[in-house]
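Listed here are the chains, written in short residue letters.
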Amino acid sequence: IGRGVTVDEKALCSTLNNKKILGAALDVFWTEPLPKTSPLWECDNILITAHNADFTDDYFKLGWKVWNENLIAFFAGGSMATPVQKDIGY
């Protein structure tokens, strides 16, 4: 899990093509949008989505609701609605 600039896309592509890992899913890239010439498009074991792949009609309403809950929890010294859980990988 990370940002697009933390991934060596050339090495990832090579690793995917050599089947050293079974697959990858990416929604951020070194260059955005991902250029049509990127070799990542040729990998058959990769899932490429837009960074906002969950964009729905209520996306902004729900996003602001969670943001507000986290802000209130922060100032109250409570638990965040969306905590980082490093032990499970995100």
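Structure's up top.
## Let's talk about the environment of S14
- Structurally, S14 is set in helix α1 (residues 9-17).
- What makes S14 partly exposed here is its relative accessible area of 36%.
- In this structure the C-alpha to C-alpha distance between S14 and P39, which are 25 residues apart in sequence, comes to 9.3 Å.

## Some words on the nonpolar core
- Grouped together as the largest cluster of nonpolar side chains are ten residues: L12, C13, L16, A24, L26, F29, L34, L40, C43 and I46.
- Those elements giving two or more residues to this core turn out to be α1 and β1 (24-26).
- Beyond its immediate chain neighbours, meaning those up to four positions away, L40 contacts E9, L12, C13, L26, F29, L34, I46 and I48.

## Details of a nonpolar patch on the surface
- On the surface, F55, F60, W64, W67, L71, F74, F75 and M80 cluster together to form a nonpolar patch covering roughly 960 Å² of accessible area.
- When you line up the elements, F74 lands in helix α2 (residues 59-76).

## Comments concerning α1
- Along α1, the residues classified as buried are E9, L12, C13 and L16. Summarising the axial view, the buried residues of α1 lie within an arc of 100°, below the 170-degree limit, and thus occupy one face.
- On its buried side, α1 packs onto β1 and β2 (46-48).
- Measuring from the backbone nitrogen of K10 back to the side-chain oxygen at the start of α1 gives 3.3 Å, which picks out D8 as the cap.
- Among the residues trailing α1, K19 stands out with phi positive, at a value near 60°.

## Some thoughts on the state of the cysteines
- Per the counting criterion, the structure on display carries zero disulfides.
- You can see C13 has no disulfide; the closest cysteine sulfur is in C43, sitting 3.1 Å from it.
- Relative accessible area serves as the criterion here: at 5%, C43 is assigned to the buried category.

## So, the pattern of salt bridges
- Evaluated as defined, the whole model comprises two salt bridges.
- D44 is the salt-bridge partner of K19, the closest N and O atoms lying 3.4 Å from each other. Here the residue K19 occupies a position in the loop between α1 and β1, and D44 occupies one in the loop between β1 and β2, the gap between them amounting to 25 residues.
- On the accessibility criterion, D44 (67% relative accessible area) is exposed.
- A salt bridge links E69 to K65; its shortest N-O distance comes to 2.6 Å. On the criterion of helical spacing, the pair formed by E69 and K65 is a turn pair, its members being four residues apart in helix α2.
- A relative accessible area of 48% places K65 in the partly exposed class.

The rules behind each value
- Residues numbered from 1 in each chain as written.
- Predicted model: local features only at pLDDT ≥ 70, side-chain atom pairs only at ≥ 80, totals over all residues.
- Heavy atoms only, no water.
- Helix = DSSP H or I, 4+ residues; strand = E, 2+ residues; numbered from the N terminus.
- Buried < 20%, exposed > 50% of the residue type's maximum accessible area, 1.4 Å probe, protein only.
- Core = buried A, V, L, I, M, F, W, Y, C linked by side-chain atoms within 4.5 Å.
- Contact = heavy atoms within 4.5 Å.
- Patch = residues over 30% accessible without salt bridge, like charges linked within 9 Å, V, L, I, M, F, W, Y side chains within 5 Å.
- Areas by Shrake-Rupley, 256 points an atom, 1.4 Å probe, with all protein chains shown as cover.
- Salt bridge = Lys/Arg side-chain N within 4 Å of Asp/Glu carboxyl O.
- Arc of directions from axis to C-beta.
- Polar contact = N/O pair within 3.5 Å; in protein donor to acceptor, adjacent residues only side chain to side chain.
- Disulfide = S-S within 2.5 Å.

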